[in-house]
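What follows is each chain in one-letter form.
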Amino acid sequence: MNLKISALEYVQEVKNGNISAEDFVASTIDQIKKIDDKVHAFLSVNDDAVQQAQNIDKKIKSGENVGDCFGMPISIKDNLCIKGSKTTCASKMLENFVAPYDATVITKLKQQDAIFIGKVNMDEFAMGLTTEFSAFGPSKNPWNIDYVPGGSSGGSAVSVSAFECMASIGSDTGGSVRNPASFCSTVGYKPTYGLISRFGLISYANSIEQIGPLTRTVKDTAFLLNLISGIDPNDNTTIDNQNEDYLSDIDSGIEGKKIGIIKEMIGEGIDPAVLNATKEAISKLEKLGAICEEVSLDMVKYSVAAYYTITATEAGSNLARYDNLRYGYDFPVEGYEFNSYISKARRKFGPEVTRRMILGGFVPSAGHAGKYFLKALKVKNKLTKEVNEAFKKFDLLISPTVPVLPFKIGEKIDDPISLFLVDINTVTANLTGKPAISIPFAHSNGLPIGIQLFADSNHDKLLLQAAYALEQTVTLPEVPI
Ligand code: GLN
């Protein structure tokens, strides 16, 4: 069984009767069994997957209506609720938490006959960018297992890149879909804020985060976006996209489109190989008829500081509920007074979440809020104004997704500031609510490099067209796994 086909090819093959959902899903499970000990993408695997695939094959045979996914195996980041399944956020705090309802994206994918092949690894509560902060051990980069796969949706990117699923659903608060996509050579998409319902996503920093797909091709991302986007009464930040079809006209090209090269994202600290790849991407886009020009976004230099201030504050409030009473109950209250009970319970958080909780308690506190939190909000507003100005002149913006190559597991784990800086190119899309995509573009010493394109809010369709055009110019090596 060829597990390397794209989601759209899979649909075609199943429709034509060339493969069955059961065979494909069974082979995918075999691949997980064969490979996951090495790369550790999965936290749990769905025991029922093959049975579910059999049922879909039966539906196909008997001529019943079948959903657009035709049983394709999709992995799900472990901060998205699937009713009756464990949803741990890769945290000891939620180690035994079983979700009582389905996230909206899950409901939508179920209606389309997707099969959830398993829940995948992540940094604890989505805080991090290497998957090393998972309480259940790091995932490893299939391109070189000594290296981090990126994060926080590291398990998602690994599972797509190592053919352990057809596509994955992750979440992106400051780059968590795009960063691992870049490090593992997959496509990663952060839609316009509000395009996909966050109902059933365990919140980290809800004012800026979005759910997004990780796939092998840009077309597969457009296909999934068609299925999972749209207004949802359970999430009042969702926008009505009028059932936009992201797949139609994806091959429209980018002739005459103006693309701004973000100066602050190709400057200091960039790896020379990443810079070269970016230059090559720009020249390819020009050959396709785009007009590329540098643009300066002055506020980008403050974006990481603002991002961590805002997200720590929101996380501090969102994670206040994990007190071993409402969630994570595993020792009785007898013998404790209130504060000692809560502080013992909260020690179940790992080092990164603890760091954010301390920061998130401090920066918005009385006497400090003006200096930190409110200032960070000002940076966010100014950055948004700057980016809006840029989109008056440009249709799209471009940068490398991550300024550096994947690094070794353990290399930066004790240096939070240098880790935070790796987010410099991704947080802008979150702080401004704009859509952004990472596409696999190049390799250096066997390690992947992704290119990031941004569009203005609600121009997701244009963004996918541009990404598709660039993707067509690239041929990449096969993952050595
Ligand atoms: N690295 C960023 C953080 O730790 C982004 C994480 C994310 O997008 N969930 O907050």
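Above: the structure in question.
Residues numbered from 1 in each chain as written. Predicted model: local features only at pLDDT ≥ 70, side-chain atom pairs only at ≥ 80, totals over all residues. Heavy atoms only, no water.

*Asks:* I keep staring at the overall build of the chain and nothing clicks. Help me out?
*Replies:* When helices and strands are tallied, the chain shows 15 helices and 11 strands. The C-alpha radius of gyration computed for the chain amounts to 21 Å, which stays within 12% of the reference 23 Å derived for 481 residues, consistent with globular compactness. Each principal axis of the C-alpha distribution contributes one length, and for the chain these read about 65 × 55 × 45 Å. Residue burial in the chain is summarised as follows: out of 481 residues, 60% are buried. The long-range fraction of contacts in the chain, counting pairs at least 24 apart against all pairs at least 6 apart in sequence, stands at 76%. Carbon and sulfur atoms make up 50% of the accessible area of the chain, which totals about 18,500 Å². Here the chain holds 48 positive side-chain charges and 57 negative ones, and the gap between their average locations is 4 Å. (Helix = DSSP H or I, 4+ residues; strand = E, 2+ residues; numbered from the N terminus. Rg over C-alpha atoms; globule rule 2.2 N^0.38 Å. Buried < 20%, exposed > 50% of the residue type's maximum accessible area, 1.4 Å probe, protein only. Contact = heavy atoms within 4.5 Å. Areas by Shrake-Rupley, 256 points an atom, 1.4 Å probe, with all protein chains shown as cover. Lys, Arg positive; Asp, Glu negative; His and termini not counted. Charge placed at Lys NZ, Arg CZ, Asp CG, Glu CD.)

*Asks:* Quick question: what am I supposed to make of the site of the ligand here?
*Replies:* Taken together, 15 residues are adjacent to the ligand, and Gly174, Ser176, Tyr204, Tyr307 and Arg356 come closest. At a separation of 2.6 Å, an oxygen atom of the ligand approaches a polar side-chain atom of Ser176. Burial of the ligand by the surrounding chains reaches 100%, relative to a free accessible area of 290 Å². More than half of the atoms belonging to the ligand lie within 2 Å of the grid points that define the largest cavity. Residues belonging to the shell around the ligand are distributed by class as follows: 6 nonpolar, 6 polar and 3 charged. (Near = heavy atom within 4 Å. Polar contact = N/O pair within 3.5 Å; in protein donor to acceptor, adjacent residues only side chain to side chain. 1 Å grid on protein atoms, 1.4 Å probe; cavity = no way out; pocket = protein on both sides within 12 Å on 5 of 7 lines; lining within 4 Å. Sits in = over half its atoms within 2 Å of the grid points. Nonpolar A, V, L, I, M, F, W, Y, C, P; charged D, E, K, R; others polar.)

*Asks:* Would you explain helix 10 (residues 338-346) in this entry?
*Replies:* One full turn of an α-helix is made of 3.6 residues, so residues set three or four places apart face in the same direction. Within the sequence span of helix 10, burial applies to Tyr341, Ile342 and Ala345. Along helix 10, the residues classed as buried sweep out an arc of 95 degrees about the axis, all on the same side. (Arc of directions from axis to C-beta.)

*Asks:* I would appreciate a short explanation of the side chain of Asp57 in the present structure.
*Replies:* Take Asp57: it is sitting in helix 3 (residues 49-61). Of the side chains with opposite charge, Lys61 comes closest to the buried, unpaired Asp57, at an N-O distance of 6.3 Å. From its side chain, Asp57 meets the backbone nitrogen of Glu22 in a polar contact 2.9 Å long. Beyond its immediate sequence surroundings of up to four residues, Asp57 is in contact with Ser20, Ala21 and Glu22. (Salt bridge = Lys/Arg side-chain N within 4 Å of Asp/Glu carboxyl O.)

*Asks:* Even after reading the chapter, I still don't get the nonpolar core, so can you show me in this structure?
*Replies:* Most often, soluble globular proteins have nonpolar side chains that are buried together. Core analysis: the biggest nonpolar cluster contains 98 residues, and Tyr10, Met72, Leu109, Leu285, Ile398, Ile437 and Leu464 have the highest contact counts within it. In terms of residues, this core owes the most to one element, helix 15 (residues 460-471), which gives 8 residues. In this structure, Cys81, Ala99, Ile310 and Ala429 belong to the second largest nonpolar core, which totals 56 residues. (Core = buried A, V, L, I, M, F, W, Y, C linked by side-chain atoms within 4.5 Å.)

*Asks:* Help me out: how do you make sense of the pairing of strand 10 (residues 436-444) in this one?
*Replies:* Counting buried residues in strand 10 gives 8 out of 9 residues, a clear majority hidden from the surface. Pairing geometry for strand 5 (residues 187-190) and strand 10, over 3 bridges, is antiparallel. The residue of strand 10 that forms the bridge with Gly188 is Ser438. Here strand 10 pairs with strand 11 (residues 447-455) via 8 bridges, running antiparallel. Residue pairing for strand 11: Ile439 is matched across the bridge by Ile451. Linking strand 10 back to strand 11 in an antiparallel pair, the connection comprises 2 residues, with Asn445 at a positive phi of about 50 degrees. (Pairing = 2+ DSSP bridges.)

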